[in-house]
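What follows is the residue order along each chain.
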Amino acid sequence: MKTQQVKLINRGQEDEMEVWGYRPCLWKIILVGLGAVCSGGLLLLVLYWLPEWGVKATCTHTPLRGASRLLLRTTDDFRLWFYAKVHEILAPGKTPFDNVESTAHFQDGDRHQSLRADNEEQNRKLLCRDSVKVHYFTHHSVKYYWNEGTQNFEPYKGLEDTKVRCADIHTTYSSGLTKTLQDYRALFFGKNEIDVRVPSLFKLFVKEVLNLFYAFQIFATVLWASQGFYDYAVGMTLLFLFSITFSLYIIRKQHVRLHNMVVEHSMVKVSLCRGKKETERVMSTELVPGDVVTIPEKGMIMTCDGVLICGACTVNESMLTGESVPVTKTSLPSSGKEADRIFDTEEHKRHTLFCGSHVIQTRNYADEPVKVVVVRTGFSTVKGQLVRSILYPKPTDFKIHREATRFLMCMVGLAVIGFIYTVIIDVINQVPFQGIMFDALNLVVVAVPPILPVALNAGLMTAQRRLKRVGIFCISPQRLNICGQLNLVCFDKTGTLTEDGLDLWGIQRAADGTFSPPETEVATESLMKTSFVACMATCHSLTTIDDKLCGDPLDVKVFSATGSVLEEPTEEQTVLYIDKVALIVRFPNQWGEFGVVRYISFSSTLKRMSVVVKQLGQKHFDVYLKGAPETVANLCKPHTVPQTFTETLETYTRQGFRVIALAHRRLESKLSWQEVHNLSREQTETNMDFLGLIIMQNKIKEQTAGALLDLRQANIRTLMATGDNMLTAISVARDCGMVQAHEKVIIADAVPPNDENPASITWRYSDNLDVNKNQTAGISFSEEGVKEEENLGYHFAVGGPAFAVITEHFPELVPKFLLRATVFARMTPDQKTQLVQVLQNIDYIVGMCGDGANDCGALKKAHSGISLSELEASVASPFTSSIPNISCVPKLLREGRAALVTSFCVFKFMALYSSILYCSVSLLYWVLTNFGIFQYMFIDVGVSLFVVFTMSLNPAWKKLAPRSPPTSLIFGTVLFSVLSQILNCLLFQFLAFFLVKQQSWYKSPQSFPFSSTSNVSSFNETQAKQDFPRSMNYDVQSFENTSIFYVSAFQYIAVAIVFCKGKPFRQPFYKNWLFMLGICCQYTFLLLILLYPIPAVDKVMQIADIPYSWRVTLFVIVLAHAAVAFTLEMVNEHRGSAFLSWIFCCKKRPPQTKYKRLALQLQEDTDWPPAPSTITYASTPHFISVTL
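Residues numbered from 1 in each chain as written. Predicted model: local features only at pLDDT ≥ 70, side-chain atom pairs only at ≥ 80, totals over all residues. Heavy atoms only, no water.

1. What about the pattern of salt bridges?
We count it as follows: Only one rule defines a salt bridge in this text: a Lys or Arg side-chain nitrogen within 4 Å of an Asp or Glu carboxyl oxygen. Strands are runs of DSSP state E lasting at least 2 residues, helices are runs of H or I lasting at least 4, and numbering of each runs from the N terminus. Relative accessibility under 20% of the residue-type maximum defines a buried residue, over 50% an exposed one, and the middle range a partly exposed one, all with a 1.4 Å probe and only protein chains included.
According to the stated counting rule, one finds 29 salt bridges in the structure shown. Arginine 376 is paired through a salt bridge with aspartate 305; the nearest N and O atoms lie 3.2 Å apart. Of this pair, arginine 376 sits in strand β19 (residues 370-376) while aspartate 305 is found in strand β14 (residues 305-310), placing the two residues 71 residues apart along the sequence. A salt bridge links lysine 557 to aspartate 503; the nearest nitrogen and oxygen atoms lie 3.4 Å apart. In this pair, lysine 557 is assigned in helix α18 (residues 553-561) and aspartate 503 in strand β22 (residues 503-511), connecting sequence segments 54 residues apart. Classification of aspartate 503 as partly exposed rests on a relative accessible area of 26%. One connected set of salt bridges, linked through shared partners, spans Glu18, Arg73 and Arg79.

Here it is in structure tokens:
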């Protein structure tokens, strides 16, 4: 494959892929067909499992432009292959945004029909004579079209592809699209729907059957049936059908749940604008980017992503973010600097209505309807992208699955050895070819456990059900195992660690450059006539729904403190104000009335919002602004900001108060309503007068401290990422126990480079506390590697702007800094996501817990994201908790650890099951015998299968353990446990096998009356021996068979109990009543038929009649094996890793994870942490101490 012909699609994005072009080749297809016939269809099955082989085997490589088949490969670590077929459509243009008004001539009578890319016959009927062929392919519900300019396939997402300016959206798209343009764009964008189809049961069944492990199970069943094992084949078929039915039920249930979550309100009638005044009622599925939709007064569920160009809306975005607090959306700026910016849904999300959000209320100006320009449709919408992430999840790089695959490969290797061994034994004994093949293939089936993937998933499904009972919902069960690995959890502050609502503690006004004394009462006559209270009453994004205030809880508290009333403007009130107003704020006792003229939405990046208002009876407009104190102070006239501003702010924030600053500006009287709206944000929010501070008390949730204590005792690191003030965040961190009382906090103040100085970091010690210069993180060694001790002495704290400087200009310092960074303040949503990523880069397994509002990116980026939401299903994160506090985190981690340990228990049992059975059959082959049909059924169904599906039912332990469970199958204790138990089982099987031959009453299998594994009840013995080859119908009833059967059956049960681990991650196995009931029944049955034989059972099970003394001997062997097995496991718990290290002469290796290695290195670094008043410059490798 030529390197220069490889193209990249989605370059630089998370789903970046390489693409190669192919065309079908006739002679290759003929050869593959012949190979499929000769192999009985096996070749087609292999090509189905390996799509890249299938394409290369039937096609020839060709440039992308002329390709009809494509091979796609992801560029991430997984390097997954996909196959796609290239289609073509006929269209008047090559891109959806071409102007085809003058060239597209549709046939008469057909203009009312819509062109669709999925209806080629209709397209041919409707398209004009000048149509061109456009090639495309579909991958993961996204269409990629051929671009002649770039000579590559590219997706069309929507209006953003045109790089349109905000102002141009108002001028170009405000009237909507013509029918011709709409039909043309529909060719490329298709229907506006998120089509989550629920596959038919037949389709799911075929797909599951073609799965590698199920196909292997079918092969084994056919093999047994072909050799007369009819009873066993029927039993295994029923078991196979039960397993696949259960799997189909789970898969279909997930599809139905997602379908119901998506399809609700996805097809509704909407009002579409045609021209300036003409409207048309159409189905929402017909919408395309560029259409203009009017939003009804009572609201609607958005079926597309659209940008507001007229009016305002109150929107509930809980379906997307998990945040149930409504937000206000305002119209896109049409003039000023902001209007000249390129439209971007992320940058302009305060003006964008996203698909799936619920418009609760609209607010229009005069008679103008609320209008939205459609930006994206279908799977290109935000909701569509989130649904795609569920439909096509990124593979989880989970170590146990990779190592389980390696284990299967080892078992395949063992099966090959067994195959050769069987062939040699049978050839020596002159067994016919058919018998040799059956024996060899049977040993292969025994060695490779086909039920392993189903067994590993059983524990996850059980844990998922337990979590649902406590109010934690999961849309990605595979993430449960990762929850068991988490060693760091990042928390949002407001609404997560602290209460959603804040209490107004008081205000502190400023006048003439000085602060007045703090005041606790606001609604007094003297204060109500001040600009300060006017700002409190008007500067917010609240609205009234059913006479109830809705919006940000902080805004509700501040507004309620003024005693004011919020009203929608009537026509009479609008006349009084002369200008159009969006909202009326009326003070109590007729102390004043204001009309809100313009909203400038809150920006998490700028950390402020503002409004333009007009007081009734006044001719001028006023601007009121509120936001982060540091930000507001920088926008005000210097002489209006009190000189004690910094000290006063620090006083409040150190006590954990949340502080908001207010400012005011009077606009010139000559400015008209239109000119006010044309002002840019920068022009509006400048030259302000500082009004003072609002002090809010944010109480910590009562469950927070306890949950954080549980995590700290479990050696799980916690940190905080918030948009709040630095000192407030530090205070909350101390109050909730994230930072201990005796520990110091070092604040990193970083500034970017300027013309004179390089970037620098100033290290300030909070509370001016000194710390030993050589004080470093204490490290202790244990079996698990490096462990951080509790008394570390210091934590780093950093603000969002400083964090950006450090990551850009001090990359070598980032890992050291993150190792002890605990408080991240003034963080934007994007910075939270970046924080999660850099923590993952130093090998932390990161969890993220937030309310979903500003944390969506971080929640999805984390290994396990937990959204606190009232919804049962939110696409904001893999886990959604209806528990409105962080007590859900320890619960989730306990279940995650239990699920992880369960996966290891099941894996270890399956490894022993395969090894025991493999050894048993190999020994019996040595004397030309085998297990009987019902012996196989008892081992496979009566013991092993029951154990696999009940040992996963152990509930999680009631408390998080100080250590985490092993995360690797080659971890010392896991490896030693498996290897020692295998050797133990082999030892006692060999003992029974050779000891029975030494008995005086022993006779060889051939000396017994013929008793085959086949159904020969209708034949007499002589006829049976003539009709069935010896290798195909073993003399089952033999002393070797009976001895090995009893010993191995007890071994399965013993190792099941040994591996069914309890404390410290799961409840003891005796609390798993179903498992205990099964084990007791199995033990009772085996002991009964061993010590008190029942002739009928012996006949069915084909057990030989052995002396009672030998039965007692077997019982002693079984007891000895059980005692050794339990002893080995107990020794393994304490000395397993050390023993393996001694056996293989392994020296203690350094930790594999980056953050642990870094912790070791910092022990030798005498300059870390930096001393107080130290400045670190980006251009120098060493610290420079200065006096500040």
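2. Here's the deal with helix α7 (residues 201-209)
We count it as follows: The arc in question is the one spanned by the directions pointing from the helix axis to the C-beta atoms. In what follows, residue pairs with any heavy atoms lying within 4.5 Å of each other are defined as contacts.
Of all the residues in α7, the buried ones are Leu204, Glu208 and Val209. Considered in projection along α7, the buried side chains sweep an arc of 130 degrees and stay on one side of the axis. Exposed side of α7, more than 90 degrees from the buried face: Phe202, Lys203 and Lys207 are the residues found there. Where α7 is buried, its residues touch α8 (212-226) and α9 (230-263).

3. Let's talk about the packing of aromatic side chains
Selection criterion: Pairing of aromatic rings covers Phe, Tyr and the six-membered ring of Trp, with a centre-to-centre limit of 6.5 Å; geometry is then stacked below 30 degrees between planes, edge-to-face above 60, and tilted otherwise.
Scanning all chains against the criterion turns up 38 aromatic pairs. Between phenylalanine 796 and tryptophan 1168 the ring centres are 5.4 Å apart and the planes differ by 55 degrees, which places this aromatic pair in the tilted class. Here phenylalanine 796, found in strand β38 (residues 794-799), pairs with tryptophan 1168, found in the loop between α38 (1154-1162) and β43 (1174-1177); they are 372 residues apart in sequence, far enough to count as distant. On the numbers, 5.8 Å between centres and 40 degrees between planes, the contact of phenylalanine 1050 with tyrosine 1083 is tilted. Linking phenylalanine 1050 in helix α34 (residues 1039-1059) with tyrosine 1083 in helix α35 (residues 1073-1091), this pair joins segments that are 33 residues apart in sequence. Assessed through its relative accessible area of 2%, phenylalanine 1050 is described here as buried.

4. Examining the layout of surface pockets
Using a probe with the size of a water molecule, rolled over the atoms, empty space left in the structure can be pinpointed. Test applied: Put simply, the grid is 1 Å and covers the protein atoms alone, a cavity is a trapped set of points that fit a 1.4 Å probe, a pocket is an open set with protein on both sides within 12 Å along at least five of seven lines, and lining residues have an atom within 4 Å of a point. Grid points are joined across faces, edges and corners, and a volume is the space filled by probe spheres set on the points. Note that Gly is not counted as nonpolar here; it falls among the polar residues with everything else outside the nonpolar set of Ala, Val, Leu, Ile, Met, Phe, Trp, Tyr, Cys and Pro and the charged set of Asp, Glu, Lys and Arg.
The calculated volume of the second largest pocket comes to roughly 650 Å³. Lining the second largest pocket are 26 residues; nearest its centre among them are Glu630, Asn725, Met726, Asp749 and Arg826. Grouping the amino acids of the lining of the second largest pocket by side-chain chemistry returns 12 nonpolar, 7 polar and 7 charged.

5. What about the sheet that holds strand β12 (residues 292-295)?
For the record, the criterion: Pairing between strands is defined by DSSP: at least two bridges between the two strands are required.
With antiparallel pairing, the 6 strands of this open sheet are ordered in space as β11-β10-β12-β19-β14-β17. Each edge of the open sheet is held by one strand with a lone partner, namely β11 (278-283) and β17 (352-353). Bridge count for strand β10 (residues 269-274) against β11 is 6 bridges, and the pairing is antiparallel. By the bridge assignment, arginine 274 is partnered in β11 with glutamate 278.

6. Considerations on the nonpolar core
Definition in use: Nonpolar cores are built from buried Ala, Val, Leu, Ile, Met, Phe, Trp, Tyr and Cys residues. Side-chain atoms within 4.5 Å join them into one set.
Counting residues in each nonpolar core, the largest one holds 90 residues, and the members touching the most others are Phe909, Leu917, Phe931, Met951 and Leu1114. Among the elements that line this core, the one with the most residues is helix α30 (residues 888-926), at 17 residues. When residues no more than four places from it in sequence are discounted, the contact partners of leucine 1114 are Ala992, Ser1043, Tyr1046, Val1047, Leu1090 and Ile1106. Listed in part, the 45 residues of the second largest apolar core include Met726, Val823, Ile845 and Ile886.

7. So, the packing of helix α13 (residues 433-447) against α30
Counted only if it meets this: Working convention: axes come from line fits to C-alpha atoms, limited for helices to the stretch in contact. Angles between N-to-C directions cover 0 to 180 degrees. Any angle between 65 and 115 degrees counts as roughly perpendicular, while under 35 counts as roughly parallel, over 145 as roughly antiparallel, and the rest as oblique.
Interaxial distance between α13 and α30 falls to 8 Å at its minimum, and their mutual angle equals 160 degrees. On the basis of their axis angle, the class for α13 and α30 is roughly antiparallel. Contact residues: α13 offers Asp439, Asn442, Leu443, Val446 and Ala447, while α30 offers Ser914, Leu917, Tyr918, Val921, Ser922 and Tyr925.

8. Some remarks on the side chain of threonine 381
So the rule is basically this: N or O atoms within 3.5 Å of each other form a polar contact, as long as, within protein, one can give a hydrogen and the other can take it, and as long as residues adjacent in sequence are counted only when both atoms are side-chain atoms.
With respect to the element layout, threonine 381 can be found in the loop between β19 and α11 (382-391). Relative accessible area serves as the criterion here: at 0%, threonine 381 is assigned to the buried category. Polar side-chain contacts of threonine 381 include one of 3.0 Å to the backbone nitrogen of glycine 384.

Purely geometric stuff here, so don't read any function into it on its own.
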